[in-house]
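So you can see what is in the structure, the chains are spelled out below.
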Amino acid sequence: MGTRYLAIAAVLTAGWLLPAVAQNAPYKAPRTSDGKPDLQGIWMARNAAAFDVSEVAEGGVIPYLPEALEREQKGPRVDPIAHCAMPGVPRITYMPFPFQIMQRPGYVVFLYEYLHDHRVVQTTPREHLDGIDFWLGDSVARWEGDTLVLDVTNLRQETWLDSSRHTHSDALHVVERYTRTGPNTITYEATIEDPKTYSRPWKIRLPLHLISEPGFELREQECIEGDDGRAIHPPYRPAPKS
Amino acid sequence: MTSKRAILVAGMSFALSGMPALAHHSFAAEYDEAKPFKITGIVTKFDMTNPHAWIHVDVKNPDGTVVSWAFETASPNTLFRRGFRKDFLKPGNMVTIEGYLAKDASHTGNAQKLLLPDGKQVILGTEVNPG
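It should be emphasised that the depicted structure is a prediction, and the values quoted were computed from it without experimental measurement.

K.L.:
Could you give an account of the overall build of chain A, with specific residues and numbers?
P.N.:
Secondary structure assignment for chain A yields three helices and nine strands. Secondary structure elements in chain A, listed N-terminal to C-terminal, are α-β-α-α-β-β-β-β-β-β-β-β. For chain A, buried positions account for 28% of its 242 residues.

Right under this line is the structure:
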């Protein structure tokens, strides 16, 4: 008798527990040949972050220091990408263009359709470069569980975080986290730290969506700046006088 | 001789702005290999940026006026692999630069060689080096 009750109780308990466990279980990403979470595919943000990054900021606020706001008001008023400058990090991730992630043992490769930018990132830890800055910075990667973490420094201060003129200084330090949270989703988080610009580190978080249309591929996307300041480019250099 | 010519050109083109372009052009589009220069001045800024690094130099004319020049060099990666770092040149450093003047007579030039006061010579040439 006791055994029967126990068995019934076990079945009931299991029946009650199982759906709860299934609901709470984190998505388990497929694996690459070297056992890492498979982030490969063509991804794209579908939101307004490229236009105003505060849309995806935690609490909707960018914690500016007063002096940084003042500096921003006096700074250039033309978006650097209008001069064909690379968009910087994290902006490259949420530009309204697709990008592809490819993985090889020890490497993660980011291919961006926008201006054919790319990042080839080793997942073997190393020190950041010393004495050189890049438009997309210097990325050092590591895996934390199922999350790919990119530590990005050596960023040029000219880039903006969006086309709403949210700026930063040369002290910008971005920690990006890529976690596959569903078959068609990477959850992208970035912690943005810059003691010359913000009063504290702040976070953005947004989904990246897998583009699953058969045959979809990255194509050429070029930007050429004209010297004469015509077309979409403002005059940066006076045309030679004849 | 070449330095006198550069200073002469500097004086002649005083009215034109010397702001370097951000656009990426070939040597042939921007510079004239028939116009070599050798110029000495004080560094105001060294910007080790892609696509090419720029050295900004204030050059004093014989009449005491100062002209601000900007000289384009190789890409930052090329410089980095030659041992350059972004603080290699600091404002106030005296430098002599050899290279080729811009075709448009702005106060810009393509820097090929950097001569430091201690006698050191550094090749700055871009990937297209007619010299």
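There is more to say, and it comes next.
K.L.:
Now, about the overall build of chain B: what can you tell me, with residues and values included?
P.N.:
Looking only at helices and strands, chain B has three helices and six strands in total. In sequence order, the secondary structure elements of chain B are arranged as α-α-β-β-β-α-β-β-β. A burial count over chain B gives 34% of its 131 residues as buried. Summarising the internal contacts of chain B: among those between residues at least 6 apart in sequence, 63% fall at separations of at least 24.

K.L.:
Just give me the short version of the sheet that holds strand β8 (residues 185–193) of chain A, but keep the residues and values in it.
P.N.:
Residues and elements named next belong to chain A. Reading across the sheet, the nine strands line up as β4-β3-β2-β1-β9-β8-β7-β6-β5 and stay open at both edges, with antiparallel pairing between neighbours. Every other strand in the sheet has two partners, leaving β4 (118–122) and β5 (138–144) as the edge strands with one partner each. Across the sheet, the mean angle from the axis of one strand to that of its neighbour is 25°, orientation sign disregarded. Where strand β6 (residues 147–153) meets strand β7 (residues 173–182), six bridges bridge the pair, whose relative direction is antiparallel.

K.L.:
Describe the nonpolar core, listing the residues and the values that go with them.
P.N.:
One broad trend across soluble globular proteins is that nonpolar side chains are buried collectively. All names here are of chain A. Residues A49, I204 and L206 are the most contacted members of the largest nonpolar core, which totals 41 residues. Elements represented by at least two residues in this core include exactly β1 (41–45), α3 (91–94), β2 (99–104), β3 (107–112), β6, β7, β8 and β9 (202–210). Setting aside residues up to four positions removed in sequence, A49 forms contacts with E55, V56, Y94, D162 and L206.

K.L.:
So what about unusual backbone geometry? Which residues, and what values?
P.N.:
Following V89 of chain A, the chain continues to P90 of chain A via a peptide bond in cis, the omega torsion being 15°. With an omega of 5°, the peptide bond running from N50 of chain B to P51 of chain B counts as cis. Take P51 of chain B: it is sitting in the loop between β1 (31–47) and β2 (54–60). The backbone of H116 of chain A sits at a positive phi, close to 40°, despite the residue not being glycine.

K.L.:
Summarise the pairing of strand β3 (residues 66–72) of chain B; cite the residues concerned and give the values.
P.N.:
Residue and element names in this part refer to chain B. Looking at chain direction, β2 and β3 are connected through seven bridges and run antiparallel. In the sheet register, W54 faces β3, and the bridge partner there is E72. Between the end of β2 and the start of β3, which pair antiparallel, lie five residues, with G64 showing a positive phi angle near 95°. The pairing of β3 with strand β5 (residues 108–115) spans three bridges and is classified as parallel. Each residue of the ladder has a partner; that of F71, found in β5, is G109.

K.L.:
Residues and numbers for the environment of Y188 of chain A, please.
P.N.:
Residue and element names in this part refer to chain A. If you trace the backbone, Y188 turns up in strand β8. The exposure class of Y188 is buried, given the 22 C-beta atoms found within 10 Å. Spatially, the C-alpha atoms of Y188 and R156 are 22 Å apart, while their sequence positions differ by 32 residues. Those residues within four positions of Y188 in sequence are excluded, and the remaining contacts are T93, Y178, L206 and L208.

K.L.:
Before we move on, can you summarise the pairing of β1 of chain B with the specific residues and values?
P.N.:
Two faces, one strand: in a regular strand the side chains alternate between the faces of the sheet. Residues and elements named next belong to chain B. Where β1 meets strand β4 (residues 94–102), eight bridges bridge the pair, whose relative direction is antiparallel. Looking at the pairing, I42 lines up with M94 of β4. Taken together, the five bridges between β1 and β2 define a ladder with antiparallel strand orientation. The residue of β2 that forms the bridge with D47 is W54. Hairpin connection of β1 to β2: six residues between the antiparallel strands.

Definitions and limits used
Each chain carries its own residue numbering, running from 1 in the direction its sequence is written. Here the convention is simple: chains get letters from A, ligands get numbers from 1, in the order in which they are written. Confidence filtering applies because this is a predicted model: local features only for residues at pLDDT of at least 70, side-chain atom pairs given and counted only at 80 or more, and all residues used for totals across whole chains, interfaces and linings. Each helix corresponds to a stretch of at least 4 residues labelled H or I by DSSP, and each strand to a stretch of at least 2 residues labelled E; elements are numbered beginning at the N terminus. Partly exposed residues are those falling between the two cut-offs: more than 12 but fewer than 20 other C-beta atoms within 10 Å of their own, whereas 20 or more means buried and 12 or fewer means exposed, with C-beta atoms placed from the backbone. The contact criterion used here is simple: two residues whose C-beta atoms, placed from the backbone, lie within 7 Å are in contact. When DSSP finds two or more bridges between two strands, those strands count as paired. Axis definition: a line fitted to C-alpha atoms, limited for helices to the stretch in contact. Angles are taken between N-to-C directions and run from 0 to 180 degrees. What we call a nonpolar core is a set of buried Ala, Val, Leu, Ile, Met, Phe, Trp, Tyr and Cys residues whose membership is set by joining through C-beta atoms within 7 Å.

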